[in-house]
Amino acid sequence: MPSTMQDEPLSLATLLRYATTVHADATVRTWTGSASRVLTYRELGAQAARLAHALTALGIERGDRVATFMWNNNEHLIAYCAVPAMGAVLHTLNIRLFPEQITYVANHAADKVVIVDGSLVPVLAQVLPTLRTVRHVIVANGDAAALHAPDGVAVHELDTLLAEFPPVLDFPVLDERSAAAMCYTSGTTGDPKGVVYSHRSNWLHSMHACTADGMGIRAGDRVLAVVPMFHANAWGLPYAALMVGASLVMPDRFLQPSPLLELMAAERPSFAAAVPTVWNGVLAAVDASPRDLGHLRAVVVGGSAVPAQLMRAFEDRHGVRIIQAWGMTETSPLGCVAWPPPEIEGEAAYAYRVTQGRFPAPVQARLIGNDGAELPRDGRTVGELEVRGPWITASYYSPDADTIGSDAFRDGWLRTGDIGTITADGYLTLVDRAKDIIKSGGEWISSVELENAIMAHPDVVEAAVFGVPDEKWDERPVVAAALRTGAEVDAGALRAFLADKVAKWQLPERWTFVPEVPKTSVGKFDKKVLRARYAADQLDIVAPDSGATQMSSGAGHDD
Ligand code: ADP
């Protein structure tokens, strides 16, 4: 029996129209290093309409890809609004990829236009001759004349271009299942793979982000999106903010701890989001020079495991509540968010807050064992996490009907490559990524658990743990730690600190001290780089004074 409901498509054009009229006075504010450039949502709507007209005049049609190569800023948000609303596809290029990866990704997506920030023109210029399908480059916040484009590529200046077109547009009616945006994974494990979001998936994801058990974004919020707009659409924050009329605060290229603190002092965001390494840096800076962070009602942190120590330090010393979330580019990205059950508060809540989070209704999750069978959700049994739902990708983008990454899908489920447990009441705890877990003497060592235990030491700023081949045990962990300035702790002391926190056979016997742990293009510990440096003998490995031989005391690690 058909329903009687109207079949109104869930389109980002509707979202834009709503935000720019009903919430016309909400703002997006971009930090310049000393003040913010402010755009009201009313102006945002006008600029987005102009850009849509301009892109149409440049020959962009429905389904064509328009790339951005930009920081988080006002102009990037204009592109976020205009491109999907006119029926084209917004492709957010990761500005931190290696040049050959940028070439691969832009050619693979067949981008026709690149909108580039003036400060990033030199980076784009290096790869532009290798971008086979790009016909137009639009320079925002910069001098278009500074870019010498190859033959066949026209260069425009954003403001000049926009001034030629009217600020009003009737956006077309779009199929809600058509492509709205695309994003490539950061390529930690091979070539980046493309995920294409639909209007419908973005819409539903935004609605979830605005629920109290999602990210709780609401009108009146000032949402600081530190997470880049090229990293899984800034975790959905821009569209979520538009959906409820929350204002946005954008850091542009000012991503170091001190400028972020200045930006926060000036704009007093009520909500913020970024990966743990960013908050680690902010914590050190705010510890060194305390400031009022009381304006932050919550900070969502994800992308890699959030050390419990980081949550406690922010809460105890600065009154800031950090909420962990888990997700992937493939999951739009919100998978689960670690809000404790409302009746559980204070210390008891940490048992829930240190998990990766609780799955919401739209995200179905299951754990699968080595034999492919589903495992119980008892909070103990460990398996590979598989998910499905309306904002989870069903495949990777492939222009030639080939099967890129098809082994990541099983019977309509996305195989996440993450290993963990799920409780009966839906909380996920990740043990590790399958490729990072260390297989030692037939047992597993969780690199994440070791990292968190080591980072709980007050002298440790960062610690990454990675597996290396070992003749006797197949693999053993190596710790790469960055210490606080002036700290005198050594490998022996750190190993002793771990002694009552992890099993004896897990205690690492190889340590290296680095000024900073290398990071991926989205700010996660780069274990691929660490493994390569280890293999090339470029790391200064030290053994703790005691215990290096003790770890092997129990055959098969049975102590
Ligand atoms: P990439 O795969 O290129 O690193 P993503 O941001 O899509 O880019 O990474 C998703 C992965 O990040 C997840 O599969 C998981 O391994 C990890 N991750 C995300 N959030 C968390 C979290 N809260 N705790 C632990 N790992 C996380």
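Bear in mind that the values here come from a model prediction, so they are computed numbers and not experimental data.

What counts, and where the lines are drawn
Residues numbered from 1 in each chain as written. Predicted model: local features only at pLDDT ≥ 70, side-chain atom pairs only at ≥ 80, totals over all residues. Heavy atoms only, no water. Helix = DSSP H or I, 4+ residues; strand = E, 2+ residues; numbered from the N terminus. Rg over C-alpha atoms; globule rule 2.2 N^0.38 Å. Contact = heavy atoms within 4.5 Å. Areas by Shrake-Rupley, 256 points an atom, 1.4 Å probe, with all protein chains shown as cover. Lys, Arg positive; Asp, Glu negative; His and termini not counted. Charge placed at Lys NZ, Arg CZ, Asp CG, Glu CD. Pairing = 2+ DSSP bridges. Near = heavy atom within 4 Å. Polar contact = N/O pair within 3.5 Å; in protein donor to acceptor, adjacent residues only side chain to side chain. Axes fitted to C-alpha atoms, helices over the stretch in contact; angles between N-to-C directions. Parallel < 35°, antiparallel > 145°, perpendicular 65-115°, else oblique. Left-handed = near helix turned anticlockwise from the far one by under 90°. Domains from an automatic or database assignment. Buried area = accessible area lost by both parts, 1.4 Å probe. Buried < 20%, exposed > 50% of the residue type's maximum accessible area, 1.4 Å probe, protein only.

Notes on the overall build of the chain
Within the chain, the secondary structure is distributed over 16 helices and 26 strands. Its C-alpha atoms give the chain a radius of gyration of 24 Å, near enough to 24 Å, the size a compact globule of 559 residues would have. Taken over the C-alpha atoms alone, the chain extends approximately 75 × 60 × 50 Å along its principal axes. Long-range contacts, defined as pairs at least 24 residues apart, comprise 67% of the intrachain contacts of the chain with a sequence gap of at least 6. Within the structure as shown, the chain displays about 22,500 Å² of accessible surface, and the carbon and sulfur contribution to it stands at 51%. Across the chain, the 47 positively charged side chains and the 65 negatively charged ones have centroids separated by 2 Å.

What about the pairing of strand 2 (residues 36-40)?
Pairing of strand 1 (residues 27-31) with strand 2, which is carried by five bridges, proceeds in the antiparallel orientation. For Thr 30, the partnering residue across the bridge sits in strand 2 and is Arg 37. Taking the residues that link successive antiparallel strands as the turn, the strand 1-strand 2 hairpin has four residues, and the phi of Gly 33 there is positive, at about 110°.

Looking at the site of the ligand
Taken together, 19 residues form the shell around the ligand, and within it Ser 186, Thr 329, Asp 418, Arg 433 and Lys 524 come nearest. At 2.9 Å from a nitrogen atom of the ligand is found a side-chain nitrogen or oxygen belonging to Gln 324. Between Lys 524 and the ligand, the recorded distance is 2.7 Å, taken from a side-chain N or O atom to an oxygen atom. Relative to its free-state accessible area of 570 Å², the ligand is covered by the protein chains to the extent of 92%. When residues of the shell around the ligand are traced back to their parent elements, those giving at least two are strand 14 (322-327) and strand 21 (427-433). In terms of residue count, the dominant contributor to the shell around the ligand is strand 14 (four residues).

What about the packing of helix 2 (residues 41-57) against helix 3 (residues 74-85)?
With their axes 8 Å apart at the nearest point, helix 2 and helix 3 run at an angle of 60° to one another. Classified by the angle their axes make, helix 2 and helix 3 are oblique. Relative to helix 3, helix 2 is oriented so that their crossing is right-handed. From helix 2, Leu 44, Gln 47, Ala 48, Leu 51, Ala 52 and Leu 55 reach across to helix 3, where they touch Leu 77, Ile 78, Ala 79, Cys 81, Ala 82 and Val 83.

Some words on the domain arrangement of the chain
If you check the domain split of the chain, you get domain 1 (12-274) and domain 2 (438-551). Using only C-alpha atoms to locate each centre, domain 1 and domain 2 end up separated by 38 Å. Contacts between the two partners involve nine residues from domain 1 and, on the opposite side, five residues from domain 2. A buried area of about 510 Å², summed over both sides, lies between domain 1 and domain 2, and 55% of it is on carbon and sulfur atoms.

Re the side chain of Asn 233
Mapped onto the fold, Asn 233 is located in helix 8 (residues 232-235). Using a relative accessible area of 2% as the deciding quantity, one classes Asn 233 as buried. Setting aside chain neighbours within four positions, we find Asn 233 in contact with Tyr 80, Thr 92, Ala 181, Tyr 197, Asn 202, Pro 238 and Tyr 239.

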